[in-house]
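Structure assessment
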Amino acid sequence: MSQKKYRKLRAMAKVKEEKTNEVGLEVVNDITKRKSFWDLIKKNWGFLLLLIIGTVLLYLNAQDGAFVSDDYATISQNPKILDVKDAFFNPAMTFNSMHMSNYFVSLVFGNQNPIAHHVFSLILYLIFLVIAFGFVAKLFGEKIAIITSLIFAAHPIHVEAVSWISGRIYVFIGLYILLGFMAFINYIETGKLKYIIWTGVCFILGYLTDRPRPFSLVLLILLYMWYVGWNNKIIKERVHRFMPYIWASFVLFVIFAIPFIKIRINAVNSGYNFSESIFYNPFFQYPTGLAKYLQILWIPVDMTLYHTLYVFEPWLNWLITLLMLGCLIYFYIKSKKYFFAWMFMLLVLAPSMAPIKVSWLVAERYMFLGSLGFCMFLAFLYEDIDKRIKVVAPILLTILLMFYCVRTYLRNDDWQTNHKLWVRTVQYSYNSHNAWNNIGDDYDKLGQMDNAIKGFGQSYVVKPNYADAYHNQANIFFKIKRYDLARAGYEKALSYGPGLYQSYISLTQVALFQNDLNGAYGYASKLLEVQPNNSQAHYVMGVVMAQAGKMDEAKKYINQALKLNPDFVQARTILQQLEMATKGKGSS
């Protein structure tokens, strides 16, 4: 290459670099001229007030709903709900926002008052709506923010996170991710260090509330950098100095999260959800999951707690997925705003769709924050249609909002009582062993034993190796004093779930009722074998020894139970009875 040609190429490269910097300056000037969040809120306070009133009216029929599903274990039947130490420093939920909110609401209004918990969830949702409006308005303008907010407030996919008390955790996670994302955007706009700190604080709060999902904040930050121009020199300068710290923190959090993710994997894949692998088949998971999410976003007619009935054929799931990928490629080339909206939805959903089973395949609550991207997409679509055909866009929007509002109202009614919830769930998820197990449990609470037996039976018809269903059905047989059927049911449960130690406890009890001391001793011995450090196991063996008249051995086991659990009231009571019986024999 000649020197002349080399100098010419160098000059061209320099001109290109200067143009890039000019474009970068334009981008920086554009984002630094954006209105502040509070200015946008003040300017649009009238719209936001109407939005809040409309949303309250839309969710009014959910506010007097009862505790349902997981609410019993976490609130109304939780013996530690008012324990301040447990609320803040529970090893598995230290400073968990969901756990702490249950504590504070129960402390003020009591743990038997579901209305207070529902109202708190709704208030949290209203706060999210205001923040989401400000976020969209900053990036895409007030008109897009208004349309997005209307669609988002009306969409029935949010009912599970808002009207189900235990679903509130996803509103918390959505708030933390969105606030952290906005703080980062403010840092890019202003260069002020405090916003980076706030991004970190929001991530930590989200991480303490739910381990895997807040990591989507990192993905959203990368998406935003692409959107405003990742290669821009000035923007790179604002970010690059913090990147080593950001990546180091990210790696540390991943390392710290691994034990909790393992706990979550065990929870999702043990007991009644036991499966041979902790991994989803990606060729089934992604086309099936994505197609189902798109269906319930566009046409939310089959809302259910357990999405196990996938109505599309596998080839159609693949076709929908490939069409979506084709649209993404097209938007990447032709329209950054459409691409941003779709990627926002997918990146927020990404941790929930990890190939490791940390989540169910599809759940409406997982899409709480991600649906904001879908609503932005519909707002962009509205704007483009409105530019071409003025009359059509408002009519389409009105029809869509009316449809969504009706579906939201009806879906709220599903969460009114535990019975309504499970009846509706088995209607749409009749192939779900979970749903049938839960409706069996509900019939048990209602005292309808025949229906409870049928519900549990249908559960193990759907999933023949479902140990919990056999155990629960055996509990009903025990209640109606069909000890032969109960014993057979518990043994069947253990054949599929050898670690289901509760079946050994129940079998010991059945054997004692049948005056089979040898059988009771055998079951209690097996219980101690599988649960050597369980206070209940030692207590059960103590009871068996007492029934056999072996008082000294009985006291030994009961004392060990109290050593393992000093707060074991039943063990302390029976120990006192044994001491009195021993003294009585000695005095006589």
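On a predicted model such as this, the values are computed, not experimentally measured, just so you know. (Residues numbered from 1 in each chain as written. Predicted model: local features only at pLDDT ≥ 70, side-chain atom pairs only at ≥ 80, totals over all residues. Heavy atoms only, no water.)

**Re the overall build of the chain**
Secondary structure summary: the chain contains 29 helices and zero strands in total. For the chain, the residues scored as buried account for 52% of the 588 residues in total. By sequence separation, contacts in the chain at least 24 residues apart represent 71% of the contacts at least 6 residues apart. With an accessible surface of roughly 28500 Å², the chain has 64% of that area assigned to carbon and sulfur atoms. (Helix = DSSP H or I, 4+ residues; strand = E, 2+ residues; numbered from the N terminus. Buried < 20%, exposed > 50% of the residue type's maximum accessible area, 1.4 Å probe, protein only. Contact = heavy atoms within 4.5 Å. Areas by Shrake-Rupley, 256 points an atom, 1.4 Å probe, with all protein chains shown as cover.)

**Focus: a nonpolar patch on the surface**
Residues Trp45, Leu49, Leu50, Ile53, Leu57 and Leu60 make up a contiguous nonpolar surface patch of roughly 680 Å² in combined accessible area. Mapped onto the fold, Leu60 is located in the loop between α3 (45–58) and α4 (71–76). (Patch = residues over 30% accessible without salt bridge, like charges linked within 9 Å, V, L, I, M, F, W, Y side chains within 5 Å. Salt bridge = Lys/Arg side-chain N within 4 Å of Asp/Glu carboxyl O.)

**Things to note about the side chain of Asn534**
Along the chain, Asn534 turns up in the loop between α26 (517–530) and α27 (535–547). Asn534 sits in the buried class, given a relative accessible area of 12%. A polar contact of 2.8 Å, which involves the side chain of Asn534, links it to the backbone nitrogen of Gln536. (Polar contact = N/O pair within 3.5 Å; in protein donor to acceptor, adjacent residues only side chain to side chain.)

**Regarding the environment of Met402**
As for its placement among the helices and strands, Met402 is situated in helix α19 (residues 392–414). Sequence spacing of Met402 and Ala154 is 248 residues, and the spatial spacing of their C-alpha atoms is 8.3 Å.

**What to know about helix α18 (residues 371–388)**
Between its first and last C-alpha, α18 extends 26 Å over 18 residues, near the 26 Å set by a 1.5 Å rise per residue. In terms of residue burial, α18 counts as a mostly covered element, since 14 of its 18 residues are buried. (Expected span 1.5 Å × (residues − 1).)

**What about helix α8 (residues 142–154)?**
Along its 13 residues, α8 runs 18 Å from first to last C-alpha, staying within 8% of the 18 Å computed at 1.5 Å per residue. The buried fraction of α8 is high, at ten of 13 residues. Along α8, the residues classified as buried are Glu142, Ile144, Ala145, Ile147, Thr148, Ser149, Ile151, Phe152, Ala153 and Ala154. Turning to α8, the residues buried within the fold contact α2 (37–43), α3, α7 (114–140), α18 and α19.

**Comments concerning the pattern of salt bridges**
Counting across every chain of the model gives 19 salt bridges. Between Glu160 and Arg365 there is a salt bridge whose closest N-O contact spans 2.6 Å. Remark: Arg365 occurs in the loop between α17 (336–349) and α18 and Glu160 occurs in helix α9 (residues 159–162); sequence separation between them is 205 residues. Of the two residues, Glu160 and Arg365, neither departs from the other in class, the shared state being buried. A salt bridge links Lys292 to Asp302; the nearest nitrogen and oxygen atoms lie 2.5 Å apart. Pair noted here: Lys292 is in helix α15 (residues 282–298) and Asp302 is in the loop between α15 and α16 (314–334), with a separation of ten residues, a long-range link.

**Side note on the packing of helix α25 (residues 501–513) against α27**
Running from amino to carboxyl end, α25 crosses α27 at an angle of 10°, the nearest separation of the two axes being 11 Å. Considering the angle they form, α25 stands roughly parallel to α27. Both α25 and α27 take part in a crossing whose hand is left-handed. Here Tyr501, Ile505, Thr508 and Leu512 of α25 lie close against α27, whose contacting residues are Gln536, Val540, Val543, Val544 and Gln547. (Axes fitted to C-alpha atoms, helices over the stretch in contact; angles between N-to-C directions. Parallel < 35°, antiparallel > 145°, perpendicular 65-115°, else oblique. Left-handed = near helix turned anticlockwise from the far one by under 90°.)

**Digging into the packing of helix α10 (residues 168–190) against helix α11 (residues 193–209)**
Close contact between α10 and α11 brings their axes to 8 Å; oriented N to C, the two are set at 165°. With respect to α11, the axis of α10 lies roughly antiparallel. Viewed along their axes, α10 and α11 form a crossing whose handedness is left-handed. Every residue of α11 that contacts α10 at Ile169, Phe172, Ile173, Tyr176, Leu179, Gly180, Ala183, Phe184, Asn186, Tyr187 and Thr190 is listed here: Tyr195, Ile196, Trp198, Thr199, Cys202, Leu205, Gly206 and Thr209. A breakdown of the residues in the contact of α10 with α11 according to their chemical character gives 13 nonpolar, six polar and no charged. (Nonpolar A, V, L, I, M, F, W, Y, C, P; charged D, E, K, R; others polar.)

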